[in-house]
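What follows is each chain in one-letter form.
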Amino acid sequence: MREIEVDVAVIGAGSAGLRAYRSAAQYAKRVVLIEGGDYGTTCARVGCMPSKLLIAAAESAHHARGAAKFGIRVAEPEVDGRAVMERVRTERDRFVGKATAVTQKIPEADRLHGHARFEDRNTLRVGDDLRVRAGSVVIATGSRPQVLPMFEGLGDRLVVNDDIFDWMDLPESVVVFGPGVIGLELGQALQRLGVRVRMFGIGGFVGPLTDPDVKAMAERHFQSEFPLDADSRVESVAREGDQVVVRFRDGEDELREEHFEYLLAATGRRPNVDRLDIGNAGLALDDQGLPVFDRYTLQCGDSSVFIAGDANNHLPLLHEAADEGVIAGRNAARFPEVAPGHRHCPLSIVFTDPQIAMVGDARAELEEGTYAVGELDFSAQARARVMGEDHGLMRVYGRYSDGRFLGAEIFTPRAEHMAHLLAWCREQGLTVAEMIDKPYYHPVLEEGLRNALQMLQSRLEQGRGQVRP
Ligand SMILES: Cc1cc2nc3c(=O)[nH]c(=O)nc-3n(C[C@H](O)[C@H](O)[C@H](O)COP(=O)(O)OP(=O)(O)OC[C@H]3O[C@@H](n4cnc5c(N)ncnc54)[C@H](O)[C@@H]3O)c2cc1C
Ligand SMILES: NC(=O)c1ccc[n+]([C@@H]2O[C@H](COP(=O)([O-])OP(=O)(O)OC[C@H]3O[C@@H](n4cnc5c(N)ncnc54)[C@H](O)[C@@H]3O)[C@@H](O)[C@H]2O)c1
């Protein structure tokens, strides 16, 4: 068995691990980056990028179909599934190539290949023949799709996001389980590309939305495009020949059966911590077997182990993985000197149409009686009507005690842009009055945001005297 000694060992060469490596290397002499699979990151290979490529094709077909409302007559667009998937794969490979090249710029001696496991808190076994003794360790092992036992037996008719982006052609039909972020993005895109889609959820959840009215609006909108039951009663899922057969109760409590070419499991992701022999590291674990950690330092207890990115299951988003990698890498290299890093205002965007965006505190996180709500229905918003995208609802929240902006839940066209403005305002600690007193061009969607903020401000002023500080 070969043995090496290093200051910091980073497990996982994804978006979090790459940042952790670079950050640690600024402070420590010997840092290694261990990867058990292929380089290229989840984001580029099977996540952010290929999903947005599929969505871009779907948007193109959707706009062509919607041209008639502007008086532009085009024939019903013909979706060439093979060409759609070829562009997705080619562009995906370009992004993967770039991410791989970035990784390969790291000196070869610092790059180790093999699956890492803990032998003890400071010792990792990499593959079969290498032992790494490390002053500290960063776990940046990412996550993988969670596949429910009820889908066992579907064989190659069961797909997860990873599989879709390797398709050579589009299928005739897909049943999607999980109207979360992945299910909604991929399900809507496939439907707009001519695939028959039906979607099942549980508990009434729709994406990350917690505001009941915004969620209801989003649910109705998606239901206008494809059958979606967010609180479904599925009796069975089985494979018959080359088909997936789903038996379920419909809205009238009738037992129905529908056949599909594939089942897409989008019922959540699980952190890749279960294959690390994490028990050997002697860390405190939560009820899901994940190390208990501090979100500002990324430190697991008071140990020399740090955890960043999807592996910690806190905010499984690209920009959060990158930020966490930087903080974890720095703290690992400077251990036992550990300092909190800056965490940004929560921001997440779902690339459906309309888009969903969550900024700052979600409605469900706010304490009843301490906040007011402003809103705007985008069905009458001037720019949204001009663009023929006149649908959606935005809710903004502000605190009675000091008039500060707290957060927003958005289901509107181009929400990605307004969400960034709101996140930046929240980070600046602006009051709602200060946000209203900014320049607004005409005619833009942001005028709708100003309307929502004005309603919020007037409610804050009305309620200020009545509510506890
Ligand atoms: C379909 C989809 C779409 C998404 N879209 C977006 C989006 O639009 N915007 C956004 O912000 N986020 C999006 N995300 C989330 C985003 O991709 C992730 O948050 C991010 O990629 C996580 O990075 P990471 O470094 O934590 O993990 P990864 O990039 O997965 O890196 C982990 C690495 O660790 C390696 N590894 C695991 N275990 C071991 C081990 N024991 N030994 C050695 N190596 C190991 C893995 O092989 C992998 O290379 C999407 C995710 C999916 C699945
Ligand atoms: N645009 C983006 O930023 C983006 C895109 C894709 C993924 N992501 C990240 O990836 C993470 C994982 O995405 P995800 O969509 O897999 O998880 P998710 O948690 O967003 O959604 C999972 C959904 O599956 C449902 N579900 C669970 N069990 C079910 C069952 N038995 N039957 C039917 N439905 C069931 C849940 O109620 C939920 O609606 C997201 O939280 C996000 O952080 C981000």
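These numbers come from a predicted model, not from an experiment.

Draft legend 1. Representation of the site of ligand 2 in the model. Close to ligand 2 lie 24 residues; Gly178, Gly180, Ile182, Thr267 and Pro316 are nearest. Looking at the shell around ligand 2, the elements that each hand over two or more residues are α6 (181-192) and β18 (347-350). Per element, the largest residue contribution to the shell around ligand 2 is four residues, and it comes from α6. Looking at side-chain class alone, the shell around ligand 2 contains 14 nonpolar, eight polar and two charged residues. Counting residues domain by domain, the shell around ligand 2 receives three or more from each of domain 2 (149-267) and domain 3 (347-463).

Draft legend 2. Structural view of helix α1 (residues 15-25). Of all eleven residues that make up α1, ten are buried, and the element is covered over most of its length. Those residues of α1 that are buried are in contact with β1 (2-11), β2 (31-35), α2 (42-45), α4 (81-104), β6 (130-139) and α8 (318-334).

Draft legend 3. Representation of the packing of α1 against α8. Interaxial distance between α1 and α8 falls to 7 Å at its minimum, and their mutual angle equals 35 degrees. Read as a crossing pair, α1 and α8 show a hand that is right-handed. Residues Ser15, Ala16, Gly17, Leu18, Arg19, Ala20, Tyr21, Arg22, Ser23 and Ala24 of α1 touch α8, and the partners they reach there are Leu318, Ala321, Ala322, Glu324, Gly325, Val326, Ala328, Gly329, Arg330, Ala332 and Ala333.

Draft legend 4. Just the UniProt feature "domain: FAD/NAD(P)-binding" (unreviewed entry) in the chain, in detail. The feature "domain: FAD/NAD(P)-binding" (unreviewed entry), as given by UniProt, occupies residues 7-325 in the numbering adopted here. Annotated as 30% helix and 25% strand, the span residues 7-325 places its first and last C-alpha atoms 16 Å apart.

Draft legend 5. Expanded view of the sheet that holds strand β9 (residues 173-177). Read across the open sheet, the five strands follow the order β8-β15-β9-β10-β11; overall the sheet is parallel. The open sheet has two edge strands, β8 (158-159) and β11 (228-229), and neither has a second partner. Relative to β11, strand β10 (residues 196-200) is paired through two bridges, and the arrangement is parallel. Each residue of the ladder has a partner; that of methionine 199, found in β11, is leucine 228.

Draft legend 6. Representation of the nonpolar core within the structure. Grouped together as the largest cluster of nonpolar side chains are 131 residues, with contacts concentrated most on Val8, Ala9, Val10, Val138, Ile139 and Ala308. The contacts of valine 8, once residues within four sequence positions are left out, are Ala24, Ala28, Val31, Ala134, Gly135, Ser136, Val138, Ala332 and Ala333.

Draft legend 7. Local environment of the UniProt feature "active site" (unreviewed entry) in the chain. Look at the UniProt record and you will see "active site" (unreviewed entry) annotated at His442. On the basis of neighbour counts, which here come to 8 C-beta atoms within 10 Å, the residue histidine 442 falls in the exposed class.

Draft legend 8. How the structure looks around the domain arrangement of the chain. Split into domains, the chain comes out as domain 1 (2-145 + 270-334), domain 2 (149-267) and domain 3 (347-463). Contact with domain 1, which involves eight residues of that partner, is made by four residues of domain 3.

Draft legend 9. Quick peek at the site of ligand 1. Among the 36 residues in the neighbourhood of ligand 1, the closest are listed as Gly12, Gly14, Gly47, Gly142 and Gly309. Those elements giving two or more residues to the shell around ligand 1 turn out to be α1, β2, α2, α3 (48-66) and α8. Its residues placed into classes, the shell around ligand 1 shows 16 nonpolar, 17 polar and three charged.

Draft legend 10. Fine view of the sheet that holds strand β21 (residues 393-399). Across the sheet, which stays open at both edges, the five strands sit in the order β18-β19-β22-β21-β20 with antiparallel pairing between neighbours. With partners counted over all chains shown, the strands left at the sheet margins are β18 and β20 (371-377), one partner each. For this sheet, the mean inter-axis angle between neighbouring strands, taken without regard to orientation, is 10 degrees. Pairing geometry for β18 and strand β19 (residues 355-360), over four bridges, is antiparallel. Pairing of isoleucine 349 across the sheet is with alanine 357, part of β19. The sheet strands contacting helix α10 (residues 415-428) are β18, β19 and β22 (405-412), and the helix crosses β19 at an angle near 0 degrees.

Draft legend 11. Structural detail: the confidence of the model for the chain. On average, the chain scores 97 in pLDDT, and the residues at 70 or more come to 99%. Complex prediction metrics read pTM 0.97 and ipTM 0.98.

Draft legend 12. How the structure looks around the pairing of β9. Counting buried residues along β9, four of its five residues qualify, which places the element largely inside the surrounding structure. Handedness of the β-α-β unit built from β9, α6 and β10 comes out right-handed. In terms of strand pairing, β9 meets strand β15 (residues 262-265) through four bridges, oriented parallel. Across the sheet, residue phenylalanine 177 finds its bridge partner in β15, namely alanine 265.

Draft legend 13. Expanded view of the packing of α3 against α4. Viewed as axis vectors pointing N to C, α3 and α4 meet at an angle of 145 degrees, and their least axial separation amounts to 9 Å. Here α3 and α4 pass one another in a crossing that is right-handed. Contact residues: α3 offers Met49, Pro50, Leu53, Leu54 and Ala57, while α4 offers Val84, Arg87, Val88, Glu91, Arg92 and Phe95. A breakdown of the residues in the contact of α3 with α4 according to their chemical character gives eight nonpolar, no polar and three charged.

Reading guide: rules and limits
Once a new chain begins, its residue numbering starts again from 1 and follows that chain's sequence as written. Both sets of labels track the order of writing: A upward for chains, 1 upward for ligands. Owing to the predicted nature of the model, reporting of local features is limited to residues with pLDDT of at least 70; listing and counting of side-chain atom pairs is limited to 80 or more, with chain, interface and lining totals taken over all residues. Defining nearness, a residue is near a molecule or strand when the C-beta atom obtained from its backbone falls within 6 Å of it. Numbering of helices and strands runs from the N terminus; a helix is a DSSP stretch of H or I covering at least four residues, while a strand is a stretch of E covering at least two. Under the convention adopted here, Pro, Cys and the residues Ala, Val, Leu, Ile, Met, Phe, Trp and Tyr are nonpolar, Asp, Glu, Lys and Arg are charged, and Gly plus all remaining residues are polar. Residue ranges assigned to each domain were obtained from an automatic or database domain assignment. Exposed residues have 12 or fewer other C-beta atoms within 10 Å of their own C-beta, buried residues have 20 or more, and partly exposed residues fall in between, where C-beta atoms are placed from the backbone. Here contacts are defined at the residue level, using C-beta atoms placed from the backbone and a cut-off of 7 Å between them. Here, axes are lines fitted to C-alpha atoms. For helices the fit covers the stretch in contact, and angles between N-to-C directions go from 0 to 180 degrees. Helix crossings are classified by the rotation of the near helix relative to the far one: an anticlockwise turn of less than a right angle makes the crossing left-handed, while a clockwise turn makes it right-handed. UniProt positions are given in the numbering used here, feature names are shortened, and annotations may be inferred rather than shown by experiment. Whether two strands pair comes down to DSSP finding at least two bridges between them. Core membership is restricted to buried Ala, Val, Leu, Ile, Met, Phe, Trp, Tyr and Cys residues, and these are joined into a nonpolar core through C-beta atoms within 7 Å. Scored from 0 to 100, pLDDT records how confident the predictor is in each individual residue. Handedness of a crossover: with both strands directed away from the viewer, a clockwise path from the first strand across the helix to the second marks it as right-handed.

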